[in-house]
Amino acid sequence: MAEPLRLKAKSASPGIASGPAFLAERRDAAAAPRTADGFGALEKAIDISIGELERLAEGADAESRDIIDFQIEVLRDPTIAEATGARMQADENVVFAWVATLDAYIGELEAADEEQMRARAVDILDIKNRVLGALAGTPIADFPPGSVFIGKDMEPSRFLAHDWSKGGGIALFAGSTAGHVALLARAKSVPMVVGTGRFSAAEGDPVSVDGDAGAVILQAGGMLIPPLAPAQAPAGGMQSESGELRTADGVPILISININDPAEIDAFDPATVGVGLMRSEFSVTSLADAANEERQLAIYRRVLEQAGERPVIIRMLDIGGDKPLAGLEDLPALDPGLRGIRLLLARPEIARVQARALLRAAVFGKLSVMLPMVTFPEEVDRMRELFREEAERLGRRALPHRMPPIGMMVEVPAAALMLDTFGSAAFFSFGTNDLTQYLAASTRDDIDADAGKAAPAVLRLISQAVKLAAGKPVSICGDMAGDPHYLPGLLAAGLRHFSVAPARRPAIRSAITGLNADGTKAAGE
Ligand code: PEP
Ligand code: MG
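Residues numbered from 1 in each chain as written. Chains lettered and ligands numbered in written order. Predicted model: local features only at pLDDT ≥ 70, side-chain atom pairs only at ≥ 80, totals over all residues. Heavy atoms only, no water.

Draft legend 1. Up close: the coordination of the magnesium ion (ligand 2). Around the magnesium ion (ligand 2), the protein supplies Glu-411 (OE) and Asp-434 (OD) as donor atoms, at distances of 2.0 to 2.1 Å. Residue Glu-411 is found in the loop between strand 14 (406–410) and helix 13 (413–417), and its partner Asp-434 is found in helix 14 (residues 432–439); the two are separated by 23 residues along the sequence. Across the pair, Asp-434 and Glu-411 agree in class, each one buried. (Donors = N, O, S within 2.8 Å, 3.2 Å for Na, K, Ca; no water. Helix = DSSP H or I, 4+ residues; strand = E, 2+ residues; numbered from the N terminus. Buried < 20%, exposed > 50% of the residue type's maximum accessible area, 1.4 Å probe, protein only.)

See below:
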């Protein structure tokens, strides 16, 4: 029998997994999910929705039937489709053209004098969302649970949709340990390696991913290589600890968790202070989702209710650049370099939907909103203004809402250097993943080799910025916070609040107890 072939790779998430190979096809535009590409897609989505409503009507009582019949009538009314079409001709994307048309209609009904008309608004809201759901497009194909995903790269939404409870791992030809899927894999304890270089394997061939040593082992001859360790480590950070955390010299330290998938909140440990970062772009994964206020509200509400009294920071969509959103490519006049808050301000229709969902979710818990990739103070001012406008609109519709504190990520060097000028930001959180790449003139995919070398510069910048924060709450949610190696430097820089992937929490907790607040080792350590 042929010897197993061992390929060297870079470890992106620890642990060892074995399983049949799943060979992902090279991601290309044709395979990428598309939200919708025009009027034809809208007509199809309307037809699907009418079909759904007709099926609903079959078993409904007389009163519900009336409502459904009214909804079908509206969907069949050509003026709605025509108004949407006119908006599309004025350069609007189909999803937002649909939302704008229906919102205008809902607004008219809500403002009507007659009670009966006003009551119709919610029926239109329902069909607005039904058609949005149908516009969402086909999800990316899943792969068999327990298999090892092999490919050039992997979409975060594919990672999130997959059932990892049956084990399995990831081996990427290229990729980076700082990439988004690597970050998700570490959080969910899915073994992963990157940078294997291209290799060939047959679909279903037994393969192992060694995320500890950084290797892929291919078994030619069809025998599965016995795993060297349990295939799937349980989520490390979820065991319960209690008591507040202090450094060896008694300074209180807060540890929050980063979540990427709303389901991660279900295993919320009572000893965790709260959610320091929820990356909303991993829950809102298509343009149709981005336009769907009710769906977003349901996601945020679930997280807030589960967190209870504990604070939750939800970051607005950090999309664009290396974080694609399915369907975003359909938006006209979008500079491919735009990302984070700049994209949200360039396409305020996306920001407005999310702002409304967040304002409404805020009544269900202790929400703060964080803005991604902020570079200049006026970006924060403009987003705050947008929140104020949307709060007013919700007020007019008598929908319960609350204005959350709005803070910002500090992940662009220009912002870190000028932090004292961000008067309207309520709090700051350092994003060292992006801060490192921009400081080192690198990219997230290429930063691996230089991350260690760039760290002193990152730490010096953070230390200066903490002083410029002038007493406002400051935390860190980039991956550096979850690496005990950097803890002395981060403590010395003045940080006292660390938000880390759940799996990194135990390591950080125990490292903190061995250090003084100035980052020096405690006596006897
Ligand atoms: C960061 O840049 O450090 C960060 C936390 O944001 P993300 O990893 O989502 O870009
Ligand atoms: Mg970032």
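Draft legend 2. Structural view of empty space enclosed by the protein. Summed over all chains, the structure comprises one cavity of 30 Å³ or more. Its boundaries defined by the atoms lining it, the largest cavity holds a volume of some 70 Å³. Forming the boundary of the largest cavity are 14 residues, of which Arg-279, Arg-315, Met-409, Glu-411 and Asn-433 lie nearest the centre. Elements represented by at least two residues in the lining of the largest cavity include exactly strand 11 (275–279) and helix 14. Of the residues belonging to the lining of the largest cavity, the class tally is three nonpolar, three polar and eight charged. (1 Å grid on protein atoms, 1.4 Å probe; cavity = no way out; pocket = protein on both sides within 12 Å on 5 of 7 lines; lining within 4 Å. Points joined across faces, edges and corners; volume = space filled by probe spheres on them. Nonpolar A, V, L, I, M, F, W, Y, C, P; charged D, E, K, R; others polar.)

Draft legend 3. Representation of the nonpolar core within the structure. Membership of the largest hydrophobic core comes to 115 residues, with the highest contact counts inside it found for Met-383, Met-408, Phe-430 and Phe-498. Here the element with the most residues in this core is helix 4 (residues 94–110); it accounts for nine residues. If you count residues domain by domain, this core takes at least three from each of domain 2 (29–136) and domain 3 (242–513). Once you skip the residues sitting within four places of it in the chain, Phe-430 turns out to touch Val-410, Leu-419, Leu-435, Ile-462, Ala-465, Val-466, Val-474, Ser-475, Ile-476, Cys-477, Gly-478 and Leu-495. Of all hydrophobic cores here, the second largest spans 19 residues; its members include Phe-22, Phe-143, Met-154 and Leu-184. (Core = buried A, V, L, I, M, F, W, Y, C linked by side-chain atoms within 4.5 Å. Domains from an automatic or database assignment. Contact = heavy atoms within 4.5 Å.)

Draft legend 4. Here's a closer look at the pairing of strand 14. Where burial is concerned, most of strand 14 is hidden: five out of the five residues are buried. In terms of handedness, the path from strand 13 (residues 366–371) via helix 12 (residues 377–396) over to strand 14 forms a crossover that is right-handed. Note that strand 14 and strand 15 (residues 428–430) share three bridges and pair parallel. The residue of strand 15 that forms the bridge with Val-410 is Phe-430. (Right-handed = clockwise from strand over helix to strand, strands pointing away. Pairing = 2+ DSSP bridges.)

Draft legend 5. Geometry of the packing of aromatic side chains. Counted by the stated rule, this structure contains six aromatic pairs. Judged by centre distance (5.8 Å) and plane angle (65 degrees), the rings of Phe-143 and Trp-164 are edge-to-face. Of this pair, Phe-143 sits in the loop between helix 5 (115–135) and strand 4 (148–151) while Trp-164 sits in the loop between helix 6 (156–161) and strand 5 (169–172), and the two are 21 residues apart along the sequence. Judged by relative accessible area, which is 4%, Trp-164 ranks as buried. Taken together, Phe-22, Phe-143, Phe-149, Phe-159 and Trp-164 form an aromatic cluster joined through their ring pairs. (Phe/Tyr/Trp six-rings, centres within 6.5 Å; stacked < 30°, edge-to-face > 60°.)

Draft legend 6. Quick peek at the packing of helix 1 (residues 39–58) against helix 5. Closest axis-to-axis distance for the helix 1/helix 5 pair is 8 Å, and the angle between their directions is 120 degrees. Relative to helix 5, helix 1 is oriented oblique. Taken as a pair, helix 1 and helix 5 cross one another with a handedness that is right-handed. Note on element contacts: helix 5 touches helix 1 through Ile-127, Arg-130, Val-131, Ala-134 and Leu-135, opposite Ala-41, Leu-42, Ala-45, Ile-46, Ile-48, Ser-49, Glu-52, Leu-53 and Leu-56. Class assignment for the residues of the contact of helix 1 with helix 5 results in 11 nonpolar, one polar and two charged. (Axes fitted to C-alpha atoms, helices over the stretch in contact; angles between N-to-C directions. Parallel < 35°, antiparallel > 145°, perpendicular 65-115°, else oblique. Left-handed = near helix turned anticlockwise from the far one by under 90°.)

Draft legend 7. Region of the structure containing helix 5. Relative to the 30 Å expected for 21 residues at 1.5 Å per residue, helix 5 spans 31 Å between its end C-alpha atoms, a close match to the ideal helical length. If you check which residues of helix 5 are buried, you get Ala-121, Asp-123, Ile-124, Leu-125, Ile-127, Lys-128, Asn-129, Val-131, Leu-132 and Leu-135. (Expected span 1.5 Å × (residues − 1).)

Draft legend 8. Focus on a negative patch on the surface. On the surface, Asp-61, Glu-63, Asp-66, Asp-69, Glu-73, Asp-77 and Glu-82 cluster together to form a negatively charged patch. Considering every element that reaches the negative patch, the biggest residue donor is helix 2 (residues 62–76), with four residues. Following the sequence through the fold, Glu-82 ends up in helix 3 (residues 78–89). Glu-82 sits in the exposed class, given a relative accessible area of 55%. (Patch = residues over 30% accessible without salt bridge, like charges linked within 9 Å, V, L, I, M, F, W, Y side chains within 5 Å. Areas by Shrake-Rupley, 256 points an atom, 1.4 Å probe, with all protein chains shown as cover. Salt bridge = Lys/Arg side-chain N within 4 Å of Asp/Glu carboxyl O. Lys, Arg positive; Asp, Glu negative; His and termini not counted. Charge placed at Lys NZ, Arg CZ, Asp CG, Glu CD.)

Draft legend 9. Representation of the site of ligand 1 in the model. Lining the immediate environment of ligand 1, one finds 16 residues, of which Arg-279, Arg-315, Lys-323, Asn-433 and Arg-444 sit closest. The contact in question runs from an oxygen atom of ligand 1 to an N or O atom on the side chain of Glu-411, over 3.0 Å. Within the backbone of Thr-432, an N or O atom sits 3.0 Å from an oxygen atom of ligand 1. Bound to the protein, ligand 1 loses 100% of the 290 Å² it would expose on its own. With respect to the detected pockets, ligand 1 is housed in the largest cavity. Of all the secondary structure elements, the ones that give two or more residues to the shell around ligand 1 are strand 11 and helix 14. (Near = heavy atom within 4 Å. Polar contact = N/O pair within 3.5 Å; in protein donor to acceptor, adjacent residues only side chain to side chain. Sits in = over half its atoms within 2 Å of the grid points.)

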